[in-house]
Amino acid sequence: MTWEATTPTLVFMIMTTALATILICTTPPAGFKALFNGVDLSGWQGIVDDPIKRQAMPAEELARRQAAADISMRQHWSAKDGILHFDGKGESLCTTEDFGSVDLWCDWRIEKGGDSGIYLRGAPQVQIWDDASGSGGLFNNKIGAATPLERADLPVGEWNRFHIIVRLDRVTVWLNDRLVVDDVPLENYWDRALPLFASGAIELQSHGTPLGFKDIFVRRLGQAQSGESAASLKEQERDERMEWFRGARFGMFIHWGLYSVAAGEWQGSQVGGAGEWIMLSGQIQPADYSTLLSKFNPVRFDADEWVRLAKCAGQQYIVITSKHHDGFCLWDTKETQWSVMHTPFARDILKELAAACARQGMRLCFYHSIMDWTHPDYLPRREWDARPVGDASMERYSRHMKAQLSELLGGGYGDIGIAWFDGEWEGTWTHELGLDLAAHVRSVAPNIIINNRVDKGRSGMQGLDATGEWAGDYGTPEQEVPASGIPGIDWETCMTMNGTWGYKTSDTNWKNAPALIQGLADIASKGGNFLLNVGPQGDGLIPRASVDRLMEIGRWMETNGESIHGTSASPLGQLEFGRCTSKELPQGNTRLYLHIFDWPTDSNHQLILPSLRNEVIGARLLGETAFAVKVARTDDCHGWTFSLPEQAPDDVDSVLMVDIAGTPATDSVSAGAPTG
Ligand code: H79
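Residues numbered from 1 in each chain as written. Predicted model: local features only at pLDDT ≥ 70, side-chain atom pairs only at ≥ 80, totals over all residues. Heavy atoms only, no water.

1. Comments concerning the site of the ligand
Here is step 1: The environment of the ligand is made up of 15 residues, and the closest members are His-255, Glu-276, Trp-277, His-324 and Asp-422.
Here is step 2: Tyr-367 has a polar side-chain atom sitting 3.2 Å from an oxygen atom of the ligand.
Here is step 3: Its residues placed into classes, the shell around the ligand shows six nonpolar, four polar and five charged. (Near = heavy atom within 4 Å. Polar contact = N/O pair within 3.5 Å; in protein donor to acceptor, adjacent residues only side chain to side chain. Nonpolar A, V, L, I, M, F, W, Y, C, P; charged D, E, K, R; others polar.)

So, in structure tokens, the structure goes:
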């Protein structure tokens, strides 16, 4: 056992001695949480079917059957005197929460001939029974060990204690402090060809005999262990925290600060470069730049309006500059006076935005610049910066930044989705500082996603080294879409609608909405996210040109959003007509969304997929439900043709949804070849 495992044992020993006369002991040891509160069944529910059937079930049916299962469960399971009782009739129960890798403690008691077990990750089961072989074995296993190493059960009727550790798919079980299962893979009972589900409820099994459970304590395993399994555990944890991000596909970037007031102009003259870089491009002394503080009064700022716009556009997260390179902070920070609280506006903008996001179900994320042109401790100084360097210290600066991030991520602004760092490329920012910052962020917000720019691992504008050497969860190509995605890592292209991130009156060079829509489909087809920027004006309004474009994207998303949200990269090669995104369907089938940029002009308006061996089990055009798409094999039987209406439902990107049996099988030779 590792020390991690023995520590709770000690805690338990102390607890059981101290509380020997008290039966109720539902207070979990430090770091653990009680799954059963000792007084009622909150956190538990009835079970509907098996995980595979559940996944395939329409949401409505699942909800209906869940409600029925909950009612019947409560007729047989009850809480009394700190014990979870089962009367021996009826069905199992399970946690409402899912768990991946966990450290689980559970006391149980059975009667003569008793039979039960604990399902983990949806699969049966660590066995509990009155049997000569003893409890604790992995009953379902057909390949790996199924029986316990030894019989460690106490006599029937007494309380037994399980300590179970599940790491990835491997299970270790101690029964009454004796090792009975030693790091054995738990097999997937429901489909043995599948690996164990990545996560699942913890289920207490009914098998027709009365049962008692108590002191059910759980701790999610977050600490990586040594060696290979540490790498895969890290991967699994990353998978869990990246889940929402991978489904979101489309977010709103917001660059807003003092530079938005300057709007690209300084003392009556235009300054070149991006709006948010004006301090640097104009070589403006911090003391002069600080005159903008008294001009920051965005009276037309309405957080709900911004969030509504993002929602309309189909964006599922917002990343806003808590602080850009100029160091100006959009929230009530205790760490510096260089904040919105020291402007005439004096309102905590991030607080208002967080409240609006919570009201409207939008995920909020913070962009936080590492480079800081005004903080007295940040180095290096620009050579034209007149401030004396004094005893400036990056070490102190790093502490300052960590304190700020505690303010931002510690809960006062709700659960923050991403810590989006930038400005990490200067020599003073080191790999060690990056690791330290990432660790701090993770300690404040365990499930937060951190972008690659926290560390020094990017090459050019993107890059995330998948070796695990660099901190960060995903790559951030800026103003570019990697030609074939970035294999093996998550990524997000951030992009402006004109040529600047921060508002700049003179920049009217806007991309058009069709280009942005096709860009979104292009990025999704390559497995990335699109973080599209708006630079609100000094008065708090998002520029009209940006609003117009977002509304137009929103109109397209209303019909076609399902071809973006929750999709994966294209499984097909290059396509003549446009792009493809995909989704897994139940029973191992696949849904393809064919994004048709170029509508077929031949007389039959035939769209050709030259290489797709699978059976097509359905095809329809999004937004054109009345039209029956005719589907036929191509003459060589390698692919399919789809006869479409004369008129494209959408001029920019019409989506043909094609369901196929199984996972896509293409001819490697002709995959993606021109349709000819
Ligand atoms: O906030 C927006 C911009 O202000 C900011 N990033 C977006 C999201 C940005 N900062 N710098 N830049 C954009 C351009 C800087 C490019 C370079 Fe480098 C920095 C060129 C050389 C150093 C980064 C590191 C790119 C190549 C190496």
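The rest of the description comes next.
2. As for the domain arrangement of the chain
Here is step 1: Per the domain assignment, the segments making up the chain are domain 1 (12-16 + 250-561), domain 2 (33-226) and domain 3 (578-660).
Here is step 2: Placing a centre on the C-alpha atoms of domain 1 and another on those of domain 2 gives a separation of 44 Å. (Domains from an automatic or database assignment.)

3. Some thoughts on the pairing of strand S4 (residues 83-86)
Here is step 1: In this sheet, S4 lies alongside strand S3 (residues 77-80) in antiparallel orientation, the contact comprising four bridges. When the sheet's bridge partners are listed, Lys-80 is paired in S4 with Ile-83.
Here is step 2: Two successive antiparallel strands, S3 and S4, enclose a turn made up of two residues, where Asp-81 displays a positive phi of approximately 50°.
Here is step 3: The pairing of S4 with strand S13 (residues 211-220) spans three bridges and is classified as antiparallel. (Pairing = 2+ DSSP bridges. Helix = DSSP H or I, 4+ residues; strand = E, 2+ residues; numbered from the N terminus.)

4. Here we look at the sheet that holds strand S22 (residues 490-495)
Here is step 1: Strand order in the open sheet formed by eight strands is S20-S19-S18-S17-S14-S23-S22-S21, and the pairing between neighbours is parallel. Edge strands, defined here as strands with exactly one partner in the open sheet, are strand S20 (449-450) and strand S21 (474-475).
Here is step 2: Of the pairings in the sheet, the one linking strand S14 (residues 250-254) to strand S23 (residues 529-534) comprises five bridges and is parallel in character. Across the sheet, the residue bridging to Ile-254 is Val-534, located in S23.
Here is step 3: Docked against the sheet, helix H13 (residues 544-560) engages S14 and S23, running at close to 150° with respect to S23. (Contact = heavy atoms within 4.5 Å. Axes fitted to C-alpha atoms, helices over the stretch in contact; angles between N-to-C directions.)

5. A short note on the environment of Leu-575
Here is step 1: Residue placement: Leu-575 occurs in the loop between H13 and strand S24 (578-584).
Here is step 2: What makes Leu-575 buried here is its relative accessible area of 16%.
Here is step 3: Taking the C-alpha atoms as reference, Leu-575 lies 9.5 Å from Pro-610; in sequence the two are 35 residues apart.
Here is step 4: Look past the residues within four positions of Leu-575 in its chain and what remains in contact with it is Cys-580 and Leu-609. (Buried < 20%, exposed > 50% of the residue type's maximum accessible area, 1.4 Å probe, protein only.)

6. Notes on the pairing of strand S18 (residues 363-369)
Here is step 1: With six of its seven residues buried, S18 lies for the most part within the structure.
Here is step 2: Sheet topology places strand S17 (residues 317-323) next to S18; six bridges connect them, and they run parallel. Across the sheet, the residue bridging to Ile-320 is Phe-366, located in S18.
Here is step 3: One ladder, built from five bridges, connects S18 with strand S19 (residues 416-422); its direction is parallel. Bridging across to S19, His-368 finds its partner in Phe-421.
Here is step 4: Handedness of the S18-helix H10 (residues 394-409)-S19 crossover: right-handed. (Right-handed = clockwise from strand over helix to strand, strands pointing away.)

7. Observations concerning empty space enclosed by the protein
Here is step 1: Tallied over the entire structure, the rule returns two cavities of 30 Å³ or more.
Here is step 2: The space that makes up the second largest cavity amounts to roughly 60 Å³.
Here is step 3: Contributing to the lining of the second largest cavity are Met-279, Leu-280, Asp-372, Trp-373, His-375, Tyr-378, Pro-380, Arg-381, Arg-382, Trp-384, Asp-385 and Arg-387.
Here is step 4: Residue composition of the lining of the second largest cavity, by class: six nonpolar, one polar and five charged. (1 Å grid on protein atoms, 1.4 Å probe; cavity = no way out; pocket = protein on both sides within 12 Å on 5 of 7 lines; lining within 4 Å. Points joined across faces, edges and corners; volume = space filled by probe spheres on them.)

8. Some thoughts on the pattern of salt bridges
Here is step 1: Summed over the entire model, instances satisfying the criterion amount to 38 salt bridges.
Here is step 2: For Lys-33, the salt bridge identified is with Glu-97, shortest N-O distance 2.4 Å. With Lys-33 in strand S1 (residues 33-34) and Glu-97 in the loop between strand S5 (93-95) and strand S6 (102-110), the pair connects residues that are 64 residues apart, well separated along the chain.
Here is step 3: Note on Glu-97: relative accessible area 30%, which makes it partly exposed.
Here is step 4: Arg-220 is the salt-bridge partner of Glu-97, the closest N and O atoms lying 2.6 Å from each other. Residue Glu-97 is located in the loop between S5 and S6, and its partner Arg-220 is located in strand S13; the two are separated by 123 residues in the primary sequence.
Here is step 5: Accessibility expressed as a relative area gives 42% for Arg-220, which makes it partly exposed.
Here is step 6: One salt-bridge network, in which partners are shared between bridges, spans Asp-49, Asp-50, Lys-53, Glu-61 and Arg-65. (Salt bridge = Lys/Arg side-chain N within 4 Å of Asp/Glu carboxyl O.)

9. Quick notes on the nonpolar core
Here is step 1: Of all hydrophobic cores here, the largest spans 92 residues; its most connected members are Ile-318 and Leu-409.
Here is step 2: In this structure, Ile-318 is in contact with Met-252, Ile-254, Val-307, Ala-310, Leu-353, Cys-357, Met-362, Arg-363, Leu-364 and Cys-365, ignoring residues within four places of it in sequence.
Here is step 3: Counting residues in hydrophobic clusters, the runner-up holds 39 residues, among them Phe-36, Trp-77, Phe-99 and Val-184. (Core = buried A, V, L, I, M, F, W, Y, C linked by side-chain atoms within 4.5 Å.)

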